[in-house]
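Summary of structural features
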Amino acid sequence: MSNTFGYTFAVSTFGESHGPVVGCVVDGCPPGLRMVDAGIQAELDRRRPGSSQYVTQRAEADRAVIMSGVFRGATTGAPIALVIRSTDQRSSDYRGIRHAFRPGHADYPYHAKYNHRDYRGGGRASARLTAPVVAAGAIAKAYLTWAHGARIRGCMMRVGTRRARYAHWCYVRSNPFSSCDARASGTAAQCMLRALLHGSSVGATVVVWAEGLPAGLGDPLYAKLSSSLAHGIMSVNAVKAVRIGLTGMEACGYRGDMLTQHGFLSNRLGGIAGGLSTGQDIVAAIALKPTPSSCNYRRSTSRAGLSVFMRTRGRHDPCVGMRAPPVLEAIAALCAADASLKYRASISGHRIPSQHPASYLY
Ligand SMILES: Cc1cc2nc3c(=O)[nH]c(=O)nc-3n(C[C@H](O)[C@H](O)[C@H](O)COP(=O)(O)O)c2cc1C
Ligand SMILES: C=C(O[C@@H]1CC(C(=O)O)=C[C@@H](OP(=O)(O)O)[C@H]1O)C(=O)O
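Residue indices follow the written sequence of each chain, beginning from 1 at its first position. Here every chain gets a letter starting at A, and every ligand a number starting at 1, in the order they are written. It should be noted that, the model being predicted, local features are given only for residues of pLDDT at least 70 and side-chain atom pairs only at 80 or more, the latter also being counted only at that level, while totals for whole chains, interfaces and linings use all residues. Working from all heavy atoms in the structure, the side-chain values ignore hydrogens and water.

If you look the chain up in an unreviewed UniProt entry, it shows as Chorismate synthase from Tremblaya princeps. The heading Sequence similarities (unreviewed entry) in the UniProt record of the chain holds the text "Belongs to the chorismate synthase family." Recorded under Catalytic activity (unreviewed entry), the UniProt text for the chain is reproduced unchanged: "5-O-(1-carboxyvinyl)-3-phosphoshikimate = chorismate + phosphate". UniProt positions are given in the numbering used here, feature names are shortened, and annotations may be inferred rather than shown by experiment.

Next up, the structure:
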């Protein structure tokens, strides 16, 4: 298994959904960084299960306990180990999937590859493991603010078929859907309640936006910032596509001279060129599939290879995208922190420009 993300600023996670704890070890964080506890907890609270009627009703406090690497509120440069206790597991809900595989979840390929499977919850494949990622991402965010004055934010742009129109960041924290459009949260609520009523689920699109990162992050040719960002984002549960820049796939439909018509005043390519950050905002749009567990009966296969009809009990998110913005921000922050530390080791010694070209048009 691959349980570590990053090289210089590296996070290794441990735990399973129904085990006693999940946690992580963050290695490579520079010393002297102050933040740490409150910043981590604030991010964990944004992702926590059981926080509203629109998310899984598993009630976890998600309190992070820092075990090492922080002394008197500041990082020491040593590995930062932290644990998050799990207290509201309900493993009996999963008795039914012990002998059958949930279509769309990780059950079958885990069984096929490892020849054993922790069927309680999703085991290691569960999004419970995004909690330590968010905690590590909070440390990465604090490092990026300290090193570059950078900020990474995310919001929900689409729930099912309902699209938000970009409104303002100020709405994101004031509605339970992390939507940037105040008007869209009503329709998102309807969409989610309808999914819950029918025992179904909906997909979502999330946008992650990084401001203030310097030009030059990334390592061409084979560790380009775009490829490591896509690697990190595609590692998050339920992510099916990532688009760098707001044009993404549509970039191929533009005339070349129109795509960059306004030079650095526009940012249709999402702040990355040649695999390096340009100093403009880095923008990624991410598509998440609907929740695979469903309480409706579906066709599946049993461990014995027989065709069966099965359903999943348990407490599931009707839309996994709802709790995904802090997770996707965290993985983007880990990727940027890793790139930033490698950047310091690989520049040629010239003065790095402190000004970023401004972009006004997207
Ligand atoms: C924040 C978040 C919450 C999730 N909650 C659930 C859930 O309640 N039930 C479920 O079946 N899947 C949930 N998922 C998705 C599964 O973890 C994921 O689909 C599964 O591990 C299979 O991996 P894949 O979709 O990446 O192929 C969630 C994903 C995220 C990002
Ligand atoms: C526990 C969390 O989310 C879980 C993610 C998840 C999955 O299959 O990904 C399935 C559910 O797990 P369980 O049935 O074991 O409670 C969610 O509650 C969490 O995010 O902390």
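1. Quick notes on the site of ligand 2
Surrounding ligand 2, one finds 15 residues, the nearest of these being H18, Y94, H105, A127 and R128. Nitrogen and oxygen atoms within 3.5 Å of one another constitute a polar contact, given that in protein one can donate a hydrogen and the other can accept it, and given that sequence-neighbouring residues count only through two side-chain atoms. Taking H105, its side chain carries an N or O atom lying 2.7 Å from an oxygen atom of ligand 2. For the shell around ligand 2, the residue count by class is three nonpolar, seven polar and five charged. If even one non-hydrogen atom of a residue comes within 4 Å of a molecule or strand, that residue is called near it. Amino acid classes used here: Ala, Val, Leu, Ile, Met, Phe, Trp, Tyr, Cys and Pro are nonpolar; Asp, Glu, Lys and Arg are charged; the rest, including Gly, are polar.

2. Observations concerning the pairing of strand β10 (residues 204-211)
Buried means the residue's accessible area, taken with a 1.4 Å probe over protein chains only, is under 20% of the maximum for its type, while exposed means over 50%, and partly exposed covers the values in between. Strands here mean DSSP runs of E at least two residues long; helices mean DSSP runs of H or I at least four residues long; both are numbered from the N terminus. Within β10, six of the eight residues are buried, which leaves it mostly tucked inside the rest of the structure. Here a strand pair is declared whenever DSSP counts at least two bridges between the two strands. Bridge count between strand β8 (residues 151-159) and β10: eight bridges; the pairing is antiparallel. Paired with V159 across the two strands is A204, which belongs to β10. Sheet topology places β10 next to strand β14 (residues 282-288); seven bridges connect them, and they run antiparallel. The residue bridging W209 from the neighbouring strand is V283, located in β14.

3. Comments concerning the packing of aromatic side chains
Only rings of Phe, Tyr and Trp enter the pairing, Trp through its six-membered ring, and a pair is recorded when the two centres are within 6.5 Å. The plane angle decides the type: under 30 degrees is stacked, over 60 is edge-to-face, the rest tilted. Taken as a whole, this structure holds six aromatic pairs when the rule is applied. Measuring from centroid to centroid gives 6.2 Å for F9 and Y143, while their planes differ by 40 degrees, and the two rings are tilted. Here the residue F9 occupies a position in the loop between β1 (4-5) and β2 (10-15), and Y143 occupies one in helix α3 (residues 130-148), the gap between them amounting to 134 residues. Residue Y143 is classed as buried on the basis of its relative accessible area of 1%.

4. Overview of the pattern of salt bridges
Within this document, salt bridges are pairs made up of a side-chain nitrogen of Lys or Arg and a carboxyl oxygen of Asp or Glu, the two lying within 4 Å of each other. The full count for this structure, using the stated rule, is 18 salt bridges. Here E329 ties to R46 by a salt bridge, and the two come within 2.8 Å at their closest N and O atoms. Of this pair, E329 sits in helix α7 (residues 324-346) while R46 is found in helix α1 (residues 36-47), placing the two residues 283 residues apart along the sequence. Assessed through its relative accessible area of 1%, E329 is described here as buried.

5. Notes on the sheet that holds β2
Taken together, five strands build an open sheet; the order of strands is β1-β2-β3-β7-β4 and the sheet is antiparallel. The open sheet is flanked by β1 and β4 (64-66), the only strands paired with a single partner. Note: β4 against strand β7 (residues 80-85), three bridges, orientation antiparallel. The residue bridging I66 from the neighbouring strand is L82, located in β7. Packing against the sheet, α1 makes contact with β4 and β7, and its axis sits at approximately 155 degrees to β4. Whether two residues are in contact is decided by their heavy atoms: any pair within 4.5 Å suffices. Angles run from 0 to 180 degrees between N-to-C directions of axes, and those axes are lines fitted to C-alpha atoms, restricted for helices to the stretch in contact.

6. Concerning the UniProt feature "binding site: NADP(+)" (unreviewed entry) in the chain
Mapped onto this numbering, the UniProt entry annotates "binding site: NADP(+)" (unreviewed entry) at R47. Within the element layout of this structure, R47 appears in helix α1. You can call R47 buried: its relative accessible area is 2%. Among all residues touching R47, those that are not within four sequence positions of it are D62, A127, R128, T130, A131, V134, R323, P326 and V327.

7. Things to note about the packing of α1 against α3
In contact at an axis separation of 8 Å, α1 and α3 are set at 135 degrees when each is read in the N-to-C sense. In terms of orientation, α1 and α3 fall into the oblique class. Between α1 and α3 the crossing geometry is right-handed. Contact residues: V36, G39, I40, E43, L44, R46 and R47 in α1; T130, A131, V134, A135, A138, I139 and K141 in α3. In terms of residue class, the contact of α1 with α3 is made up of eight nonpolar, two polar and four charged. When describing relative orientation, an angle under 35 degrees is termed roughly parallel and one over 145 degrees roughly antiparallel, while 65 to 115 degrees is termed roughly perpendicular and anything else oblique. Crossing handedness is defined as follows: a turn of the near helix away from the far one that is anticlockwise and smaller than a right angle gives a left-handed crossing, while the clockwise case is right-handed.

8. So, the nonpolar core
Inside soluble globular proteins, nonpolar side chains tend to come together where they are buried. The term nonpolar core refers to a set of buried residues drawn from Ala, Val, Leu, Ile, Met, Phe, Trp, Tyr and Cys, joined through side-chain atoms within 4.5 Å. Of all hydrophobic cores here, the largest spans 73 residues; its most connected members are F9, V26, I139, L144, L288 and L328. For this core, the element with the most residues is α7, which contributes 14 residues. Once residues within four sequence positions are removed from consideration, I139 is found in contact with F9, V26, C29, L33, M35, V36, I40, I80 and L82. Grouped together as the second largest cluster of nonpolar side chains are ten residues, W169, V172, V283 and A285 included.

9. Focus on the site of ligand 1
Around ligand 1, the structure places 14 residues, and the nearest of them are A125, K289, S293, H316 and D317. The contact in question runs from an oxygen atom of ligand 1 to an N or O atom on the side chain of N237, over 3.0 Å. At 2.8 Å from a nitrogen atom of ligand 1 is found a side-chain nitrogen or oxygen belonging to H316. Calculation of accessible area relied on Shrake-Rupley with a 1.4 Å probe; when residues are assessed, cover is drawn exclusively from the protein chains displayed. In isolation ligand 1 exposes 620 Å². Once the protein is present, 87% of that is buried. Here the shell around ligand 1 is built from residues that sort into six nonpolar, five polar and three charged.

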